[in-house]
Structures are given as C-alpha cells and as structure tokens.
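What follows is the residue order along each chain.
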Amino acid sequence: MNELDSQLAAELLQQLGYEMVPSARKADVILFNTCSVRQHAEDKIYSALGRLKHLKQYHPQKIIGVLGCMAQKDGQEIFRRAPHVDLVVGPGRLRYLPELLERVAAGNGPLLAVSPWSESAERSSLLVAFEPFDPPRRPQSVPPPFQSYVRIMSGCNKACTYCVVPRVRGPEQCRPPEEILQEVRRLADAGCLEVTLLGQTVNSYQYRSGGQTVRLADLLAMLQPIEGIRRIRFVTNHPRHMTDQLLQAVRDLSKVCPYFHVPVQSGADAILRRMQRGYTPAYYREMLARIRQTVPEAAVTSDFIVGFCGETEEDFEQTVRLVEEARFKNAYIFKYSPRPGTKAAQAYPDDVPDAVKRRRNNELLQIQNRISLEENQKFIGRRVEVLVEGPSKTGRKSPESQSTLQLTGRTPCDRIVVFPGDRRLTGQFCWVRITGVTPTTLLGLLEEQPQIVPYSCKGISYGDSTLQV
Ligand code: SAH
Ligand code: SF4
C-alpha cells in the first residue's frame, strides 16, 4: 500500500513537471513515505531524517517532507524530533501534496496536514477526515510499470488490538467498480500486464449502488475481459471474508492468480481472542481446507506475530502446530511491537521478553523454511510460466554490457524464479524448466529461447533502466 502511495505521489508530481533524480543531494524536494506498523520502521525514518540535517543546513531551500502513516501518527512530534523537516502529510491528506509543496516553497512552512482523529470520533466524520488518495493515472505522461498496483479500497474496519492501521488510515472506503475498471483499462492500454488489487482486507471489498452489491469476486469477473491484462492478483485477505464465491472466481477466471495471502497471526485461540481477530484456529483450518479443495494448485501465505501480550510457550506451540499443518508457501513472521494508541498497548502488558520473541521468531522461521523448501521441491522438473521482472540481485551487479545474466520473475502462484537469460526479456512471459530450489526461490533454465520484444513504453525500456520510486 505504501509502495503504491509513493508511486501515486511521484506520478502526481511528475505530471506537474517534477522529475525523479537519483540522489537526495540532487533533489530540491526529498519525501519519505513512512510506515508505522512496527517501531523498527519508524526508527529507520527518524535516523534517515537525522542524516539529512547537515544537507538541510547547507541547502536550506531544499524541502524535506514526511508522508504516510508515521506522519499521521506522530504529527507535530516529527517537527520536534527533526526540526529541519518542512512538511508532514498523513495518508488522508496526500491529495493536497502539490499545493502543500508550493506553499512551503513560497516560504510558508513548516506545514502539518493530517486527518483529525480521535478515539470517540463518529465514523461519518472519520470518512470525511481520511480522504482516499486515488489521483487519476495518466499513463500518457507517466508510463506504468508492467506490474501495477491498483487500490480498490482504503482504510480498515477491523479492530485488531495490536494494529495501528485503522488509526492512521481511517475506516474502510471502497472505490466504485467503474473507477477501478477505468484505471485498469488505462494501465492495460499503456502496456501493463499484471495488476495487483490492494486493500487491507481486500476480500471484504463491497460496493453498493442501485440496489446491487459488487463484491471482490464480481470485480474480478469484470476485470477478466480487459485486453492486455494477463494476470490479476489481490492482497491482503482476511480469513473471515474468504467466501466460496471468491474461491470459485479464482478457480474459474483464467487471469486470476491462484495465490492467497491470508494472515492468521497466531495458532492459539486465547491469543487470537486477545488480538480481536474475529476467528478461531479451527475456523482458519476450515477456511484453509476450503481453499485447498476449490483451488488445489493455490499457494497460500500468511503473517504471524510472535510474542504478543501474554503468549505462553503452549500458545506458541499451537502456532507451530498450525504452521506444520498449513504448509504455507511462505510466511512473514514479526515480533510483537506495541503501538501507542492501540488497544493492546493500553490494555495488555508487553510481557514477553525480547529474547523470547526472537527465539520464537527464529524457530518458526526455521520450520517454515523447511516447509517452503519441501513445497518448492515439488516443482523440480516442472515447467512454469514466468513474468520476468528483471536482473536478480546478483545479476544487477553485473556489467551493463553483459546481456545474459541471472533474471528473476514470478509464477502465477507468486513463486520467485531465477534463471539465466537476456536482460531484455524483462516484462515478458517465458517458460522456465525448474532444475533446483531453495526455500525462497525456484531455479531453472529457459525452456525455449523466446523472441525478445523489450518492454518499452513512451521511450522508457524497463530492460535497460530501472525506475525507482
Ligand atoms: N491488513 C493486513 C496487513 C496489516 S499490517 C492484514 O490484516 O493482514 C501487516 C502485518 O504486520 C500484519 O499482518 C501483522 O502480522 C503485522 N503487524 C501488524 N501490527 C503489528 C505489531 N504491532 N507488531 C508486530 N507485527 C504487526
Ligand atoms: Fe490491522 Fe487487522 Fe486491519 Fe489488518 S485487518 S489492517 S491487522 S486492523
């Protein structure tokens, strides 16, 4: 979601004549888009801001801005901790970024633009306060990448006790299907091949109009016929909204990828209750069985929080059991980080020592890595279709002139594939025969040498240069 916000903010500014430059030194405006889901993410931003202090001292005309969730959460506090910051803009105020920048440039800074928020605020006033940020995309001026994110809803209506998201992104607001369709058509016309629909609980999407309700399954069916789009993904799912209708849509719609990211967070009943996730481990297992039954080839991934308030060794063992059974493709495992203003931070002591959190994190990761490796081994000898994303991390270090190097791309089920090939295959589909695996990667060889048609849009070839936002 943050990556999309960064891209949209950059697109908006580029349409107004701003240009991307490769370093902070060369920039007139330096913007940090921030996350506040865990303390660590915030610490990184404060130290990055600290490193810019001298630059700002010598170039006071440079504008430094903090955008996103941490801006909303910390507000004025950012000016106090980093007095050289000129602008602080929350996610619900991003649409005003161009005019805010103008005002700061005219000498009217520092400026704070965040959504008014209070625990007791009415839902209706929060809906007004958190204005969705979905500026119209103009592919004619800023070409989209061949893989694009498309937000279908902002905010979140859940109340997981550990989570700061509803407080910093406001209540759930679904975009009208017509607007989404139009955006995807525009992206497709400009050469986009894969869209990933985004929402905090993407499968709770619903839009009511004229007595009809459009849900995620309906939206996927509406997107399927769009010419040019070859793959449709959607993240993140909430276990409670995994309807049979959605599973059948994934099974029946050829462009919709068989991949579900559906975080469980914990395998212990008591912990899920304290987290206010709204389901039990038994419910999650039943949901998983329905996914496997309807879409047997689907890859399922999950998130876990270890060391949540009051998590006992027995609770953790139950999480281990669930991981062993569920056979996720992979899992993201986080140590619990208390977030000021959340119910957990107010009501439950953060009583699991950091060393225990770390040990549980490593233990779970090791188990998951073994499972990921075993699941990946099933691919050895198989042929998979890969959308090539570019040189792999090691490949990127190779000299520009060398055209054959290690490329990376993804299968429909979101597995990363690394294979030797021509960097100009970036943005193309290829068939790769899998010859080896690691827990995170499938390794293989091109099945046949595809014709190279470099993906290029409005003069920018993604095979030759990497645009970074
Ligand atoms: N809306 C998504 C993702 C929310 S944030 C969802 O509901 O799944 C992404 C992940 O960060 C969460 O799934 C959770 O595992 C983790 N997370 C959120 N708050 C956290 C906290 N306070 N400490 C540690 N991990 C957290
Ligand atoms: Fe946070 Fe829960 Fe909403 Fe996900 S569903 S964003 S974890 S409150």
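Everything numeric here is computed off the predicted structure, so don't read it as measured data.

Caption draft 1: Summary view of the environment of Q265. Counting through the fold element by element, Q265 comes out in the loop between β12 (259-261) and α12 (269-275). A C-alpha to C-alpha distance of 24 Å links Q265 and Q173, two positions 92 residues apart in sequence. What Q265 contacts, discounting residues up to four positions off in sequence, is Y162, M275, R277, Y279, D303, F304 and I305.

Caption draft 2: Region of the structure containing the site of ligand 2. Surveying the vicinity of ligand 2 reveals the residues C156, K158, C160, Y162, C163, V165, P166, Q200, T201 and R277. Each residue belonging to the shell around ligand 2 can be placed in one class, and the counts come to six nonpolar, two polar and two charged.

Caption draft 3: Fine view of the site of ligand 1. The full set close to ligand 1 counts 15 residues, and Y162, Q200, Q265, D303 and S337 are the nearest of them. Y162 is positioned such that a nitrogen or oxygen atom in its backbone is 3.0 Å from a nitrogen atom of ligand 1. In the model, a nitrogen atom of ligand 1 is placed 2.8 Å from a nitrogen or oxygen of the Q200 main chain. Burial of ligand 1 by the protein chains amounts to 90% of its free accessible area of 530 Å². Elements that contribute at least two residues to the shell around ligand 1 include exactly β13 (299-306) and β14 (331-335). For the shell around ligand 1, the class distribution of residues is six nonpolar, four polar and five charged.

Caption draft 4: Layout of the side chain of K62. With respect to the secondary-structure elements, K62 resides in the loop between α3 (53-58) and β2 (63-68). Although buried, K62 forms no salt bridge, and the nearest oppositely charged side chain, D28, lies 5.6 Å from it. The residues touching K62, leaving out its near neighbours within four places in the chain, are A24, R25, K26, A27, D28, I30, L55, K56 and D86.

Caption draft 5: Seen up close, the sheet that holds strand β5 (residues 147-151). Spatially, the three strands line up as an open sheet ordered β5-β8-β11, and their pairing is parallel. Here the strands that pair on one side only, and so sit at the sheet edges, are β5 and β11 (231-235). Neighbour to neighbour, the strand axes of the sheet diverge by 25 degrees on average, direction disregarded. Two elements, strand β8 (residues 194-198) and β11, share five bridges in a ladder whose sense is parallel. Directly across from V195, in β11, lies its bridge partner I232. Contacts from helix α1 (residues 2-15) reach β5 and β8, with the element oriented near 100 degrees to β5. Lying over the sheet, helix α9 (residues 177-189) contacts β5 and β8, oriented at roughly 165 degrees with respect to β5.

Caption draft 6: Quick peek at the domain arrangement of the protein. Segmenting the protein into domains produces domain 1 (2-117), domain 2 (124-377) and domain 3 (383-461). For domain 1 and domain 2, the distance between their C-alpha centroids amounts to 27 Å. Counting residues at the interface gives 28 residues for domain 1 and 27 residues for domain 2. Summing the contributions of domain 1 and of domain 2, the shared interface buries around 2700 Å²; its carbon and sulfur component is 57%. Linking domain 1 to domain 2 there are six salt bridges. Between R93 and E131 there is a salt bridge whose closest N-O contact spans 3.1 Å. Between the two partners, domain 1 and domain 2, sit 15 residue pairs in polar contact (both at pLDDT 80 or more).

Caption draft 7: Spatial organisation of the packing of aromatic side chains. This model, assessed by the stated rule, comprises seven aromatic pairs. Ring centres 6.2 Å apart and planes at 80 degrees place the aromatic pair Y162 and F308 in the edge-to-face group. Residue Y162 is found in the loop between β6 (153-154) and α8 (165-169), and its partner F308 is found in the loop between β13 and α14 (313-326); the two are separated by 146 residues along the sequence. Overall, Y162 belongs to the buried group, its relative accessible area being 10%. Classification of F308 as buried rests on a relative accessible area of 0%. Each ring, one from F234 and one from F260, has its centre 6.1 Å from the other, and the planes form 80 degrees; the classification is edge-to-face. One end of the pair, F234, is in strand β11; the other, F260, is in strand β12, with 26 residues separating them in the sequence.

Caption draft 8: Local environment of the pairing of β14. Pairing geometry for β13 and β14, over five bridges, is parallel. The residue of β14 that forms the bridge with S302 is A331. Remark: the β13/α14/β14 crossover connection has right-handed handedness.

Caption draft 9: Structural view of the environment of R137. On the secondary structure map, R137 appears in the loop between α7 (123-129) and β5. Judged by relative accessible area, which is 4%, R137 ranks as buried. Separated by 129 residues in sequence, R137 and L8 have C-alpha atoms that sit 7.9 Å apart. Other than its neighbours up to four places away in sequence, R137 contacts L4, Q7, L8, E11, Y149, V150, E183, R186 and L187.

Caption draft 10: Representation of the pattern of salt bridges within the structure. Under the definition given, this model contains 43 salt bridges. The salt bridge partner of E325 is R285, with a shortest N-O separation of 2.6 Å. One end of the pair, E325, is in helix α14; the other, R285, is in helix α13 (residues 281-294), and 40 residues separate them in sequence. It is possible to trace a salt-bridge network through shared partners that takes in D5, E11, D134, R137, R151, R169, R175, E179 and E183.

Caption draft 11: Seen up close, α1. The end-to-end C-alpha distance of α1 is 20 Å, a good match for the 20 Å that 14 residues give at a rise of 1.5 Å each. Buried residues of α1: L4, D5, Q7, L8, A9, A10, E11, L12 and L13, and no others. Elements that come into contact with the buried residues of α1 comprise β1 (29-34), α6 (97-108), β5, α8 and β8. G17, located one to two residues past α1, shows a positive phi value of around 105 degrees.

Cut-off values and rules
Residues numbered from 1 in each chain as written. Chains lettered and ligands numbered in written order. Predicted model: local features only at pLDDT ≥ 70, side-chain atom pairs only at ≥ 80, totals over all residues. Heavy atoms only, no water. Helix = DSSP H or I, 4+ residues; strand = E, 2+ residues; numbered from the N terminus. Contact = heavy atoms within 4.5 Å. Near = heavy atom within 4 Å. Nonpolar A, V, L, I, M, F, W, Y, C, P; charged D, E, K, R; others polar. Polar contact = N/O pair within 3.5 Å; in protein donor to acceptor, adjacent residues only side chain to side chain. Areas by Shrake-Rupley, 256 points an atom, 1.4 Å probe, with all protein chains shown as cover. Buried < 20%, exposed > 50% of the residue type's maximum accessible area, 1.4 Å probe, protein only. Lys, Arg positive; Asp, Glu negative; His and termini not counted. Salt bridge = Lys/Arg side-chain N within 4 Å of Asp/Glu carboxyl O. Pairing = 2+ DSSP bridges. Axes fitted to C-alpha atoms, helices over the stretch in contact; angles between N-to-C directions. Domains from an automatic or database assignment. Buried area = accessible area lost by both parts, 1.4 Å probe. Phe/Tyr/Trp six-rings, centres within 6.5 Å; stacked < 30°, edge-to-face > 60°. Right-handed = clockwise from strand over helix to strand, strands pointing away. Expected span 1.5 Å × (residues − 1).

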